[in-house]
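# Examining the three-dimensional arrangement
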Amino acid sequence: MITIIGILICLVILLVIAVGMTVTRNHEKKEYNNGICPKCGGNLRYFDSDSQGGRGYNCDKCNNFVWVSYNVDKPRKEE
Ligand SMILES: [Zn+2]
């Protein structure tokens, strides 16, 4: 019985992680908004990456900052 409970606990933990990742990804997708600033409708410009592989974007109109770690942006490297 202990094994079954252990497996169930593992499954629940995996499910929580999977749901958390989906929620975070959807949030980032909404924030990035296909490169359109969600606040003012300006263009989000790539400016830097962090050591974890996250990409930073800032708006050219209102300086709104967006950081994404999931693949919600197109893999482009603008200078
Ligand atoms: Zn903006």
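It should be emphasised that the depicted structure is a prediction, and the values quoted were computed from it without experimental measurement. (Residues numbered from 1 in each chain as written. Predicted model: local features only at pLDDT ≥ 70, side-chain atom pairs only at ≥ 80, totals over all residues.)

## Focus on the environment of Leu44
Its place among the elements puts Leu44 in strand β1 (residues 44-49). Look at Leu44 and you get buried, because 24 C-beta atoms sit within 10 Å. For the pair Leu44 and Thr3, spaced 41 residues apart in sequence, the C-alpha to C-alpha distance is 50 Å. Not counting residues up to four positions away in its chain, the partners in contact with Leu44 are Tyr32, Gly35, Ile36, Cys37, Tyr57, Asn58, Cys59 and Val66. (Helix = DSSP H or I, 4+ residues; strand = E, 2+ residues; numbered from the N terminus. Buried ≥ 20, exposed ≤ 12 C-beta atoms within 10 Å, placed from the backbone. Contact = placed C-beta atoms within 7 Å.)

## Some remarks on the pairing of β1
Across five bridges, β1 lies against strand β2 (residues 55-59) in antiparallel orientation. Following the sheet pairing, Leu44 is matched in β2 by Cys59. Connecting the antiparallel pair β1 and β2 is a turn made up of five residues, with Gly53 showing a positive phi of about 95°. (Pairing = 2+ DSSP bridges.)

## What to know about helix α1 (residues 2-32)
For α1, which comprises 31 residues, the first-to-last C-alpha distance of 45 Å matches the rise-based estimate of 45 Å (1.5 Å per residue) to within 8%. Counting buried positions over the 31 residues of α1 gives two, only a small fraction of the element. One or two steps after α1, the chain reaches Asn33, where phi turns positive at roughly 55°. (Expected span 1.5 Å × (residues − 1).)

## Some remarks on the pairing of strand β3 (residues 65-68)
Along any regular strand the residues' side chains alternate between the sheet's two faces. Only one face of β3 is buried: it carries Val66 and Val68, and the other face, with Phe65 and Trp67, is open. Bridge analysis of β2 against β3 gives four bridges, and the strand direction is antiparallel. What sits directly across from Gly56, in β3, is Trp67.

These values are about where atoms sit, not about what they do.
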